[in-house]
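Chains, contacts and geometry: an overview
Read off the chains here:
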Amino acid sequence: MTNNKKTWFTNWFLNNKFTVVLLNILLLFVIIALFGKVNYFFRPLGQILGIILPPLVVAGILYYLIDPLIDWLEAKFNIPRVWSISIVFILIFGLLIWMVVTLIPIIQSQINSLIHNIPSYWRDLQGMLNELSHNPRLQKLHLTQNFSTTKINHSLAQSWDGVLGSAFNNLTSAVGIVSNVVMILLTAPFVLFFMLKDDRQIKPLVLKYVPDRLKASIGVTLTEINGALSSYIRGQLTVAFWVAVMFAVGYLIAQVPYALLLGITAGFLNLIPYVGSALGLIPAIILALINGHGMIWSVIIVFAIEQTIETRVVSPLVVGNKMNMHPVTTIFVLLVSGGMFGLAGVIFGIPIFAILKIICSRIFKWFQRNSNWYQNGTN
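Computed from a predicted model, the values in this text were never measured in an experiment.

Describing the side chain of Asn 270
Looking at the secondary structure, you find Asn 270 in the loop between helix 10 (259-269) and helix 11 (276-291). Here Asn 270 is in contact with Gln 236, Val 239, Ala 240, Val 243, Gly 276, Ser 277 and Glu 310, once residues within four sequence places are set aside.

Structural notes on the packing of aromatic side chains
Tallied over the entire structure, the rule returns seven aromatic pairs. Clustering of aromatic rings is evident, with ring pairs tying together Phe 89, Phe 193 and Phe 194.

Some remarks on unusual backbone geometry
One non-glycine residue, Gln 255, adopts positive backbone phi at about 60 degrees. Structurally, Gln 255 can be placed in the loop between helix 9 (212-253) and helix 10. We note that Tyr 258 has phi near 60 degrees; this positive angle belongs to a residue other than glycine. In this structure, Tyr 258 sits in the loop between helix 9 and helix 10.

Overview of helix 11
With 16 residues, helix 11 extends 24 Å from end C-alpha to end C-alpha; this agrees with the ideal 22 Å at 1.5 Å per step. What helix 11 keeps buried is the set Gly 276, Ser 277, Gly 280, Leu 281, Ala 284, Leu 287, Ala 288 and Ile 290.

Topic: the side chain of Glu 306
With respect to the helices, strands and loops of the structure, Glu 306 is situated in helix 12 (residues 295-318). For the buried Glu 306, which has no salt bridge, the nearest side chain bearing the opposite charge is Arg 312, at an N-O separation of 12 Å. For Glu 306, the contacting residues outside a window of four places in its chain are Val 243, Met 246 and Phe 247.

Calculation rules
Residues numbered from 1 in each chain as written. Predicted model: local features only at pLDDT ≥ 70, side-chain atom pairs only at ≥ 80, totals over all residues. Heavy atoms only, no water. Helix = DSSP H or I, 4+ residues; strand = E, 2+ residues; numbered from the N terminus. Contact = heavy atoms within 4.5 Å. Phe/Tyr/Trp six-rings, centres within 6.5 Å; stacked < 30°, edge-to-face > 60°. Expected span 1.5 Å × (residues − 1). Buried < 20%, exposed > 50% of the residue type's maximum accessible area, 1.4 Å probe, protein only. Lys, Arg positive; Asp, Glu negative; His and termini not counted. Salt bridge = Lys/Arg side-chain N within 4 Å of Asp/Glu carboxyl O.

Rendered as C-alpha cells:
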C-alpha cells in the first residue's frame, strides 16, 4: 500500500508551479552564464556571421523592394520569372548608370562647394554669435559666456584633433571597411538573384527540418514575420524616397543652397522614425540663417508643406499601421536600440523588435493553450 501523504517538500517544491517556473528561470540563467564562460568557442561562428550577414541583409532589403515588381511582370505579362528578374536587373543597372552620369556630378559639385565655403560660413556664424553675445537680454541672463567664440573654437579644435587622431589610428580598419563594402556590392546582387528566383522554395525548405506537430505554427510565424518585414522595409524606403524628392524640389524652388544635397540628406535621415524629418531640417536652417534671416521662413514653409503631404498622403497610403506598434513603444525601442548599437540600432531596431514581438506572441499563445493557468486559452 502506497503512502499518499503529501509532505511540505512535495507541496512547496514538487507540486508548486511557481517554484518550478523559478527553477526553470534559474536553469536558463545558469546556461547563459556557462555560454559566457565558453564564448571563445563561438567566436568563429560570430566571425562567419559577420561575413555572411551584411550581403544577406542588403540582398534582403532589395528583395522586398523588387519582389512585387517581379511578381507583377510574371502575372501580368506571363514572363518567366528568370526573365523578369533579368529585365529588372537591367533596368536597375541602367538607373545606376543614369545616376552616375547625372546626379552624382551634381552632388559632388555641391559637396565641393560646401567644403570650399565652410570657412566663410564659419566666419558668418561667429559674427552671429558675437551679435548674440552683445544682446542686452542675454547679458541680463548671464548667458554670454555660452556664446564665447573662443570657447567654441577651442572645443572644435579639440574635437578635430580627436577625429584626426582616431582616423590615423583606425586607418587599417577604414581600409577593412572599404574592402567589406566592396565585397558586399559584389556578392549582394548574386544573393539577390537567387533569393528572387527561389523565394517560393525557402519556406518549404525551412519547414522540412521542423517537427510535424510544429510545422503549422512555425509556418504561420514565418508568414507573419515576412509580412511585417515587407511592409516596414517597403514603406520606410518609399517614404524616404518621396521625402528626399519633396525636400529637394521645395528647396530648389525656395532657392536654398545645396537643395539636392539637403534633400538626399533629409531622405536618409527619414529612415529614423519620428525624429528623422526634424534632424533633416537642422542643416537647412543653419544654411538659411547664414545666408539671411528671410530664407529661414522659406525653409519652414517647405518643411510644413512636406510634413503635411507626408503625414496625410504618403505615409497613410504606403505604410499605414501595418506594424501595429504604439508610438510610445516605438520611441522606447529607438532609445534602447540606439543607445546599445548606435545608428544601426536606430535603423534596424524596429524591424528586429517586430520579429521578436511576433515570436514571443506565438510562444505565449502556445503557453496559453497548454497551461492550466489560463482556463480560456485562445489559439
